[in-house]
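# A structural walkthrough
Residues per chain, in single letters:
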Amino acid sequence: GDVGKKMTEARDKGTVSILVDQVAAYAQYKNLYATRFQETLLNKLRSDFIRNQFVNFFSVSEIKQRKMNPDWTLSIAFIDIDMEKARAADNSSFTYVNGVAEVKIVSNRDNRLILNTRVPGQYIWKSYQASGDSGLQTLFDAFSLSMTEPVAGKLSEFLEKTTY
(Lines give C-alpha, C1' and ligand atoms only; values in the text may rest on other atoms or scores of the structure.)
Protein backbone atom coordinates (compact mmCIF):
# COMPACT_ATOMS: atom_id res chain seq x y z
CA GLY A 1 0.00 0.00 0.00
CA ASP A 2 1.60 3.18 1.27
CA VAL A 3 5.18 1.90 1.32
CA GLY A 4 4.83 0.53 -2.21
CA LYS A 5 3.47 3.85 -3.38
CA LYS A 6 6.35 5.75 -1.74
CA MET A 7 8.89 3.42 -3.33
CA THR A 8 7.31 3.87 -6.74
CA GLU A 9 7.37 7.66 -6.31
CA ALA A 10 11.03 7.58 -5.26
CA ARG A 11 11.92 5.42 -8.22
CA ASP A 12 10.01 7.67 -10.61
CA LYS A 13 11.92 10.69 -9.31
CA GLY A 14 15.20 8.97 -10.13
CA THR A 15 13.99 7.66 -13.46
CA VAL A 16 14.48 9.33 -16.81
CA SER A 17 11.32 9.05 -18.90
CA ILE A 18 12.08 8.91 -22.59
CA LEU A 19 9.49 9.58 -25.26
CA VAL A 20 10.14 7.56 -28.41
CA ASP A 21 8.75 10.03 -30.91
CA GLN A 22 7.06 9.23 -34.24
CA VAL A 23 9.79 7.95 -36.57
CA ALA A 24 10.14 9.89 -39.80
CA ALA A 25 11.02 8.23 -43.08
CA TYR A 26 11.16 9.71 -46.51
CA ALA A 27 12.35 8.12 -49.72
CA GLN A 28 11.88 8.78 -53.39
CA TYR A 29 9.67 11.81 -52.63
CA LYS A 30 7.27 9.70 -50.57
CA ASN A 31 6.60 9.58 -46.86
CA LEU A 32 6.94 6.03 -45.60
CA TYR A 33 5.40 4.46 -42.53
CA ALA A 34 7.93 3.42 -39.92
CA THR A 35 5.35 1.90 -37.58
CA ARG A 36 6.82 -1.61 -37.62
CA PHE A 37 10.31 -0.29 -36.88
CA GLN A 38 9.00 1.95 -34.13
CA GLU A 39 7.09 -0.81 -32.33
CA THR A 40 9.98 -3.24 -32.65
CA LEU A 41 12.50 -0.69 -31.36
CA LEU A 42 10.29 0.30 -28.43
CA ASN A 43 9.88 -3.36 -27.39
CA LYS A 44 13.60 -4.01 -27.78
CA LEU A 45 14.60 -0.96 -25.72
CA ARG A 46 12.16 -1.95 -23.00
CA SER A 47 13.51 -5.49 -22.80
CA ASP A 48 17.15 -4.32 -22.99
CA PHE A 49 16.60 -1.90 -20.12
CA ILE A 50 14.28 -4.03 -18.04
CA ARG A 51 16.95 -4.34 -15.34
CA ASN A 52 17.86 -0.67 -15.53
CA GLN A 53 15.69 1.11 -12.99
CA PHE A 54 16.71 4.53 -14.27
CA VAL A 55 15.32 4.57 -17.78
CA ASN A 56 11.73 4.23 -18.97
CA PHE A 57 10.57 4.33 -22.59
CA PHE A 58 7.14 5.54 -23.68
CA SER A 59 5.27 5.82 -26.97
CA VAL A 60 3.54 9.04 -28.02
CA SER A 61 0.11 7.63 -27.12
CA GLU A 62 1.28 6.50 -23.66
CA ILE A 63 2.69 9.96 -22.90
CA LYS A 64 -0.64 11.53 -23.94
CA GLN A 65 -2.66 8.98 -21.99
CA ARG A 66 -0.66 9.54 -18.78
CA LYS A 67 -0.47 13.32 -19.36
CA MET A 68 3.27 13.07 -18.75
CA ASN A 69 6.05 15.49 -19.52
CA PRO A 70 8.89 13.22 -20.58
CA ASP A 71 12.43 14.16 -19.51
CA TRP A 72 13.92 13.32 -22.88
CA THR A 73 12.63 12.93 -26.42
CA LEU A 74 14.23 10.38 -28.71
CA SER A 75 13.66 11.16 -32.37
CA ILE A 76 14.76 9.01 -35.26
CA ALA A 77 14.62 9.93 -38.92
CA PHE A 78 15.58 7.68 -41.80
CA ILE A 79 17.45 9.77 -44.32
CA ASP A 80 19.46 9.28 -47.51
CA ILE A 81 17.50 6.17 -48.42
CA ASP A 82 18.60 4.88 -51.73
CA MET A 83 17.71 1.74 -53.63
CA GLU A 84 19.66 0.06 -56.36
CA LYS A 85 18.55 -2.92 -58.40
CA ALA A 86 20.83 -5.61 -59.73
CA ARG A 87 20.17 -8.85 -61.58
CA ALA A 88 22.06 -12.07 -60.98
CA ALA A 89 22.98 -14.76 -63.52
CA ASP A 90 20.20 -17.07 -62.27
CA ASN A 91 17.69 -14.32 -63.11
CA SER A 92 17.02 -13.54 -59.47
CA SER A 93 17.08 -9.87 -58.67
CA PHE A 94 18.59 -7.98 -55.80
CA THR A 95 17.63 -4.65 -54.39
CA TYR A 96 20.24 -2.95 -52.26
CA VAL A 97 18.62 -0.63 -49.77
CA ASN A 98 21.01 1.84 -48.18
CA GLY A 99 20.13 4.45 -45.64
CA VAL A 100 21.02 6.29 -42.50
CA ALA A 101 19.14 6.51 -39.23
CA GLU A 102 19.59 9.92 -37.69
CA VAL A 103 19.26 9.46 -33.94
CA LYS A 104 18.76 12.43 -31.62
CA ILE A 105 17.88 12.86 -27.98
CA VAL A 106 16.77 16.21 -26.63
CA SER A 107 16.59 16.92 -22.93
CA ASN A 108 13.21 18.58 -22.49
CA ARG A 109 14.27 20.24 -19.24
CA ASP A 110 16.62 22.66 -20.97
CA ASN A 111 15.89 21.90 -24.62
CA ARG A 112 19.46 20.70 -25.08
CA LEU A 113 20.56 18.21 -27.71
CA ILE A 114 22.35 15.49 -25.73
CA LEU A 115 22.78 12.88 -28.45
CA ASN A 116 23.16 13.46 -32.16
CA THR A 117 24.48 10.51 -34.11
CA ARG A 118 24.01 8.66 -37.37
CA VAL A 119 23.74 4.94 -37.90
CA PRO A 120 24.28 3.79 -41.49
CA GLY A 121 22.87 0.52 -42.75
CA GLN A 122 22.35 -1.66 -45.77
CA TYR A 123 19.78 -4.32 -46.48
CA ILE A 124 19.83 -6.67 -49.46
CA TRP A 125 16.46 -7.83 -50.72
CA LYS A 126 16.61 -10.90 -52.91
CA SER A 127 13.76 -11.85 -55.16
CA TYR A 128 13.41 -14.95 -57.31
CA GLN A 129 10.44 -13.86 -59.35
CA ALA A 130 11.23 -12.26 -62.66
CA SER A 131 8.55 -9.72 -61.77
CA GLY A 132 10.17 -9.34 -58.36
CA ASP A 133 9.43 -5.69 -57.97
CA SER A 134 8.68 -5.14 -54.32
CA GLY A 135 6.90 -2.04 -53.21
CA LEU A 136 8.83 0.78 -51.63
CA GLN A 137 7.08 0.31 -48.28
CA THR A 138 7.90 -3.42 -48.18
CA LEU A 139 11.55 -2.74 -48.94
CA PHE A 140 11.66 0.01 -46.35
CA ASP A 141 10.07 -2.22 -43.69
CA ALA A 142 12.71 -4.87 -44.28
CA PHE A 143 15.52 -2.29 -44.22
CA SER A 144 14.25 -0.44 -41.13
CA LEU A 145 13.67 -3.66 -39.16
CA SER A 146 17.26 -4.67 -39.93
CA MET A 147 18.30 -1.34 -38.34
CA THR A 148 16.62 -2.10 -34.98
CA GLU A 149 19.71 -3.81 -33.51
CA PRO A 150 22.31 -1.21 -34.55
CA VAL A 151 20.11 1.72 -33.46
CA ALA A 152 19.30 0.07 -30.10
CA GLY A 153 23.02 -0.68 -29.70
CA LYS A 154 23.95 2.97 -30.21
CA LEU A 155 21.34 4.04 -27.68
CA SER A 156 22.53 1.45 -25.12
CA GLU A 157 26.12 2.66 -25.50
CA PHE A 158 25.02 6.24 -24.91
CA LEU A 159 22.71 5.45 -21.99
CA GLU A 160 25.33 3.32 -20.22
CA LYS A 161 27.80 6.22 -20.28
CA THR A 162 25.27 8.84 -19.24
CA THR A 163 24.77 9.98 -15.69
CA TYR A 164 21.17 10.80 -14.99
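These notes cover the structure that comes with them. Because the structure is a prediction, the values reported are computed rather than measured.

## Thoughts on the overall build of the chain
The helix and strand tally for the chain stands at 5 helices and 7 strands. For the chain, the proportion of its 164 residues judged to be buried stands at 43%. A fraction of 68% describes how many contacts in the chain between residues 6 or more apart in sequence connect residues 24 or more apart. When the accessible surface of the chain is summed, it comes to about 9900 Å², and 50% of that surface belongs to carbon and sulfur atoms.

## As for the layout of surface pockets
Size it by volume and the largest pocket reaches roughly 200 Å³. The wall of the largest pocket is formed by 12 residues, among which Phe49, Ile50, Asn52, Val55 and Asn56 lie closest to the centre. No other element matches strand 4 (residues 55–59), which puts 4 residues into the lining of the largest pocket. Tallied by class, the residues present in the lining of the largest pocket amount to 6 nonpolar, 3 polar and 3 charged.

## So, the side chain of Ser92
Tracing the backbone through its elements, the reader meets Ser92 in the loop between strand 5 (72–87) and strand 6 (93–107). What makes Ser92 buried here is its relative accessible area of 1%. At a separation of 2.6 Å, a polar atom in the side chain of Ser92 contacts the side chain of Asp90. If sequence neighbours within four positions are ignored, Ser92 has contacts with Ala86, Arg87, Lys126, Ser127 and Tyr128.

## Some points on the pattern of salt bridges
Applying the stated criterion to the full structure yields 7 salt bridges. A salt bridge links Arg36 to Asp141, with the nearest nitrogen and oxygen atoms 3.8 Å apart. Of this pair, Arg36 sits in helix 2 (residues 35–48) while Asp141 sits in helix 4 (residues 136–146); the two residues are 105 residues apart in sequence, bridging distant segments of the chain. Here Arg36 falls in the partly exposed class, since its relative accessible area comes to 46%. Looking at Asp141, the relative accessible area reads 13%, which means it is buried. The shortest N-O distance in the salt bridge between Asp48 and Lys44 comes to 3.0 Å. Linking Asp48 with Lys44, this pair stays in helix 2, spanning 4 residues, or about one helical turn. By sharing partners, the salt bridges in this structure join Lys44, Asp48 and Glu149 into a single network.

Basis of the calculations
- Residues numbered from 1 in each chain as written.
- Predicted model: local features only at pLDDT ≥ 70, side-chain atom pairs only at ≥ 80, totals over all residues.
- Heavy atoms only, no water.
- Helix = DSSP H or I, 4+ residues; strand = E, 2+ residues; numbered from the N terminus.
- Buried < 20%, exposed > 50% of the residue type's maximum accessible area, 1.4 Å probe, protein only.
- Contact = heavy atoms within 4.5 Å.
- Areas by Shrake-Rupley, 256 points an atom, 1.4 Å probe, with all protein chains shown as cover.
- 1 Å grid on protein atoms, 1.4 Å probe; cavity = no way out; pocket = protein on both sides within 12 Å on 5 of 7 lines; lining within 4 Å.
- Points joined across faces, edges and corners; volume = space filled by probe spheres on them.
- Nonpolar A, V, L, I, M, F, W, Y, C, P; charged D, E, K, R; others polar.
- Polar contact = N/O pair within 3.5 Å; in protein donor to acceptor, adjacent residues only side chain to side chain.
- Salt bridge = Lys/Arg side-chain N within 4 Å of Asp/Glu carboxyl O.

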